[in-house]
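Here is what each chain is made of, one letter per residue.
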Amino acid sequence: MIGNDIVDLKQAALDSPDSYPDGKRHLRFLEKVFTVKEQDLIIASEDKHQTVWLLWSMKEAAYKVNVQQFGKRFFNPKRLECELVSNEKGMVKIDIETYFTSSKITEDYVYTVATLKEESSFKTHCFKAKKLNYKLQSEVLKQQFLKSVAKNKNYNLKTLKIKKSEVGVPKVYRDLKRLPINFSLTHCGRFSGFVYL
Amino acid sequence: MTKEELIAKLKTIVQPYIQNEEAFNNLSENTDFINDLKINSANLVDVILDVEDEFDIRIENDDMERMVSVKAAMDIVNEKLAEK
């Protein structure tokens with residue numbers, strides 16, 4: 001199982017002004033989302049806004065794996081505890097489960113992939129797309145992902161389709177048969193990304 | 001506060017964060033913040049802060065955990081108002 005999450009840092013600043021150190025409700029935002037230990041990491045970091053979203057994307061990516069495992073949604077960012085091994089590598093604990101994360105940080109975005117095993121090999125790609133409405137952007141991302149799968153596994157792109165399960169976890173189908181491909185899709189602002197095992 | 005008043009207040013709170021206009025226009029107790037309204041999870045934090053400010057209540061993490069739909073938000077607000 002695998003999960004990913006991308007944060008467009010510009011979009012995040014626009015959408016969540018409280019994530020900025022000078023946001024009116026910044027402290028309350030931090031308190032709702034991060035453990036004391038994580039808040040210390042943010043305060044000690046050079047680029048606080050970037051660290052907020054690095055930790056956030058780690059939590060989101062790990063959460064996506066957790067939902068696939070247990071089929072239960074919840075919203076409690078503090079129940080997910082991040083640990084940074086380096087800027088790019090980290091771990092997220094959810095109750096007794098541990099997830100391993102690897103992140104890519106640029107000026108424009110933070111992108112994290114979470115896996116169950118420390119050394120997983122996965123295919124991932126993130127790209128910039130013209131900002132479209134929600135539905136169109138989601139369609140573009142699905143097509144990019146299916147194109148990659150079709151190419152990799154030698155399938156006809158036209159036979160591939162994505163459908164969501166009851167808890168909202170997407171699955172890929174070839175004609176009517178579900179394929180055993182674990183994957184995760186994410187988009188935010190100008191950026192989109194997919195990953196699969 | 002009547003049920004309708006509470007739904008109307010919640011509707012005003014979530015409006016800036018929704019990405020699905022159609023689901024917003026048809027908002028009911030059964031509307032899910034993420035699956036239906038497509039509110040991103042970071043903005044769910046804003047929704048929670050806005051709900052705290054609007055009703056002058058404090059939402060603990062355990063309550064937040066189930067606050068994924070209009071119905072759940074209504075239950076939590078009502079519980080917190082009753083405790084006041």
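Residues numbered from 1 in each chain as written. Chains lettered and ligands numbered in written order. Predicted model: local features only at pLDDT ≥ 70, side-chain atom pairs only at ≥ 80, totals over all residues. Heavy atoms only, no water.

**Quick word on the packing of aromatic side chains**
Per the counting criterion, the structure on display carries eight aromatic pairs over all chains. Judged by centre distance (6.3 Å) and plane angle (25°), the ring pair of phenylalanine 194 of chain A and tyrosine 196 of chain A falls under stacked. You'll find phenylalanine 194 of chain A and tyrosine 196 of chain A in the same group, each marked buried. The rings of Phe145, Phe183, Phe194 and Tyr196 of chain A are connected pair by pair, giving a single aromatic cluster. Its guanidinium or amino end placed over the ring of phenylalanine 24 of chain B, lysine 11 of chain B lies 5.0 Å from that ring's centre, counting from NZ or CZ. (Phe/Tyr/Trp six-rings, centres within 6.5 Å; stacked < 30°, edge-to-face > 60°. Buried < 20%, exposed > 50% of the residue type's maximum accessible area, 1.4 Å probe, protein only. Lys NZ or Arg CZ within 6 Å of the ring centre and 35° of its normal.)

**Quick notes on helix 3 (residues 36-44) of chain A**
All names here are of chain A. Restricting attention to buried positions, one finds in helix 3 the residues Glu38, Gln39 and Ile42. Along helix 3, the residues classed as buried sweep out an arc of 100° about the axis, all on the same side. Opposite the packed face of helix 3, turned more than 90 degrees from it, sit the exposed residues Val36, Lys37, Ile43 and Ala44. Its buried side turned inward, helix 3 meets helix 2 (26-33), helix 4 (48-70) and strand 2 (80-84). (Helix = DSSP H or I, 4+ residues; strand = E, 2+ residues; numbered from the N terminus. Arc of directions from axis to C-beta. Contact = heavy atoms within 4.5 Å.)

**Describing the packing of helix 4 of chain A against helix 3 (residues 41-55) of chain B**
Contact pair helix 4 of chain A / helix 3 of chain B: the axes reach a minimum separation of 11 Å and the direction vectors enclose 105°. As judged from the angle between their axes, helix 4 of chain A and helix 3 of chain B are roughly perpendicular. Contacts between helix 4 of chain A and helix 3 of chain B involve Trp53, Trp56 and Glu60 of chain A on the former and, on the latter, Ser41, Ala42 and Val45 of chain B. Residues belonging to the contact of helix 4 of chain A with helix 3 of chain B are distributed by class as follows: four nonpolar, one polar and one charged. (Axes fitted to C-alpha atoms, helices over the stretch in contact; angles between N-to-C directions. Parallel < 35°, antiparallel > 145°, perpendicular 65-115°, else oblique. Nonpolar A, V, L, I, M, F, W, Y, C, P; charged D, E, K, R; others polar.)

**Thoughts on the sheet that holds strand 11 (residues 191-196) of chain A**
Residue and element names in this part refer to chain A. Read across the open sheet, the three strands follow the order 6-11-10; overall the sheet is antiparallel. Strand pairing shows two members of the sheet lacking a second neighbour, strand 6 (123-128) and strand 10 (183-188), which therefore form its edges. Geometrically, the sheet is characterised by an average inter-axis angle of 10° between neighbouring strands, direction not taken into account. As paired elements, strand 6 and strand 11 share six bridges and run antiparallel to each other. Paired with threonine 124 across the bridge in strand 11 is valine 195. (Pairing = 2+ DSSP bridges.)

Limitation: the analysis is restricted to geometry and does not speak to function.
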